[in-house]
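Below are the chains, spelled out letter by letter.
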Amino acid sequence: MKIWEDEKQIYIRAAMEANTPEENEALKAKLQAVDWSVLDHISRRETVNERGVFAPLAAVEVGEIEARREEFKELGLRAIRAGKVGAVLLAGGQGTRLGLDRPKGTMNIGIERELFLFEQLMRNLMDVTDEAGAYVPLYVMTSNINHDDTEAFFKEHEFFGYPEEHVKFFVQEMNPACDYEGRVYMESNTKAAMSPNGNGGWFGSMVRAGLLGDIRDRGIEWLNVFAVDNCLQRIADPLFVGATIAYGCESGAKVVRKATPDERVGVLCTEDGRPSIAEYYEMTEEMATARKENGDLLYGFGVILNYLFSEKKLEEIADARMPVHVVEKKIPYRGTDGSIVAPETPNGYKFETLVLDMVHMMKDCVPYEVVREREFAPIKNLHGVDSLDSARELMKGCGIEL
Ligand code: UTP
């Protein structure tokens, strides 16, 4: 059965009633190109996160990193100079919590002066490339919604001083969004509500965008994947790269020490013997509060969306299926009466794969401790926790003039 033949699909059907025959032909063609099987995940949403047995995973802590600083740094810089390290900026999200109508990276995070989030990230990257005396290719993931705007912004600002030939953009895929009953929302009478399919599909999207040739031609062996919204993000950090190489692991994850046992961060641990991330809501009280002999939390290190993956391994797992997370979000839609609704609270589901699930596909992973105040200032909201306000304070603490 075609999706528009299903009587349950009230939004699609109402839109079709309002359309001309030509509009409907065009709409049907678009609807036929969508993979509707993601909707099946609604009934499985309670089980998508069915987990194995968690166990703690010791982190490489700051003390050890300091003691081996020169060794790690040398290894990392050597890899960067040999062109073996690439970086992937995940910028396909919609930033709904911030309520922006432009890409998050275009946000001005300065106070007295203009400082764009993208600009700050490029500066962070250039700290490394200046020191290494070599460039790190940067791949920027966008979505259909923000691609043109993102690319134009980089061009308009002359790539913030980075050589254009080392920056490439690619677009992630989209999934339909629906209400709690699985009825697909329409964005307008001619367009279904589609949203980016999460940050987990980035490597597959790079492959589909034809970037594998570029990666191989350049001889990239490591990809450092990171979120757009952490303005203190260290990118292609030589110490992190060096530590992952020194430990002979396939991946590494930057982690921060949890502030409190109930802090809402995903914790790096093992699950059935492989590296994994336990979300805060998956931790039992006992797990969250268990301590080591020295008093530190047993599950004490949270991920900050900065990972290093072996490129070879990424190619191996490129076709593997990842868990699809069904997430409640605010989805603007065309009501059955033709009115456009902009909900104030979540009103349905989006379907996303997550980069953190990639960690579980790795044989091993180095949890690499970084100091929160130096490297973790995520901007998820305007005010309060993980906000523009808190990020500005943290940036000032790092001596960044705003
Ligand atoms: P978040 O999970 O914080 O989502 O993304 P978001 O879209 O930025 O913000 P909200 O939840 O709507 O408020 C974490 C990182 O993953 C990227 C984001 O751009 C950010 O760097 N991301 C997220 C993608 O690249 N694609 C996606 O589909 C989702």
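Here the structure is a predicted model, which is why all the values come from computation and not from measurement.

**Some words on the pairing of strand 2 (residues 85–90)**
Here is step 1: Along strand 2, 6 of the 6 residues are buried, which leaves the element largely enclosed by surrounding structure.
Here is step 2: The alternating pattern of strand 2 places Val85, Ala87 and Leu89 on one face and Gly86, Val88 and Leu90 on the opposite face, and all of these are buried.
Here is step 3: In this structure, strand 2 lies alongside strand 9 (residues 222–227), joined through 6 bridges in parallel fashion. Bridge pairing in strand 9 places Val88 opposite Val225.

**A few points about the site of the ligand**
Here is step 1: The local shell around the ligand holds 21 residues, among which Leu90, Thr96, Arg97, Gln172 and Lys380 are the closest.
Here is step 2: The backbone of Gly198 places a nitrogen or oxygen atom 2.8 Å from an oxygen atom of the ligand.
Here is step 3: Here the residues of the shell around the ligand sort into 7 nonpolar, 9 polar and 5 charged.

**Notes on the side chain of Gln172**
Here is step 1: Along the chain, the position of Gln172 falls in the loop between strand 4 (167–171) and strand 5 (174–176).
Here is step 2: With a relative accessible area of 5%, Gln172 lands in the buried category.
Here is step 3: There is a polar contact of 2.8 Å between the side chain of Gln172 and the side chain of Asn197.
Here is step 4: Those residues within four positions of Gln172 in sequence are excluded, and the remaining contacts are Gly92, Gly93, Met141, Thr142, Ser143, Pro196, Asn197, Gly198 and Ser205.

**Notes on helix 9 (residues 238–246)**
Here is step 1: Among the 9 residues in helix 9, 7 count as buried, and that is most of the element.
Here is step 2: Burial in helix 9 covers these residues: Pro238, Leu239, Phe240, Val241, Gly242, Ala243 and Thr244.
Here is step 3: Immediately beyond the C-terminal end of helix 9, within one or two residues, lies Gly248, with a positive phi of roughly 65°.

**A few points about unusual backbone geometry**
Most peptide bonds take the trans configuration, and most residues that are not glycine carry a negative phi.
Here is step 1: Of note, the phi angle at Phe160 is positive, near 50°, even though the residue is not glycine.
Here is step 2: With respect to the element layout, Phe160 can be found in the loop between helix 6 (147–156) and strand 4.
Here is step 3: Residue class for Phe160 comes out buried when judged on its relative accessible area of 13%.
Here is step 4: One non-glycine residue, Asp386, lies in positive phi territory at about 45°.
Here is step 5: Among the structural elements, Asp386 can be located in the loop between helix 13 (372–375) and helix 14 (388–397).
Here is step 6: By relative accessible area, Asp386 is classed as partly exposed at 32%.

**Quick look at the side chain of Arg334**
Here is step 1: Position of Arg334 among the secondary structure elements: in strand 15 (residues 333–334).
Here is step 2: For the buried Arg334, no salt bridge is present, and the opposite-charge side chain at shortest range is Asp337, 6.8 Å distant.
Here is step 3: Discounting residues that sit within four places of it in the chain, Arg334 has contacts with Tyr11, Ala14, Ala15, Ala18, Met186, Glu187, Ser188, Asn189, Ser339 and Ile340.

Calculation rules
Every chain is numbered independently, its residues counted from 1 as its sequence is written. It should be noted that, the model being predicted, local features are given only for residues of pLDDT at least 70 and side-chain atom pairs only at 80 or more, the latter also being counted only at that level, while totals for whole chains, interfaces and linings use all residues. Each side-chain value is derived from all of the structure's non-hydrogen atoms; neither hydrogens nor water enter the calculation. When accessible area is computed with a 1.4 Å probe and restricted to protein chains, residues below 20% of their type maximum are described as buried, those above 50% as exposed, and intermediate ones as partly exposed. Secondary structure is summarised from DSSP: a helix means a run of H or I of at least four residues, a strand means a run of E of at least two, and numbering begins at the N terminus for each. DSSP-based pairing: two strands are paired if at least 2 bridges between them are found. Near, as used in this document, describes a residue that has one of its heavy atoms within 4 Å of the molecule or strand being considered. Nitrogen and oxygen atoms within 3.5 Å of one another constitute a polar contact, given that in protein one can donate a hydrogen and the other can accept it, and given that sequence-neighbouring residues count only through two side-chain atoms. Gly falls in the polar group here, along with every residue not listed as nonpolar (Ala, Val, Leu, Ile, Met, Phe, Trp, Tyr, Cys, Pro) or charged (Asp, Glu, Lys, Arg). The contact definition used throughout considers only heavy atoms, calling two residues in contact when any of these lie within 4.5 Å. Neither His nor the chain ends contribute to the count of charged residues, in which Lys and Arg are positive and Asp and Glu negative. Here, a salt bridge means any Lys or Arg side-chain nitrogen found within 4 Å of an Asp or Glu carboxyl oxygen.

Honestly, that's just the spatial picture; any functional story needs more than this.
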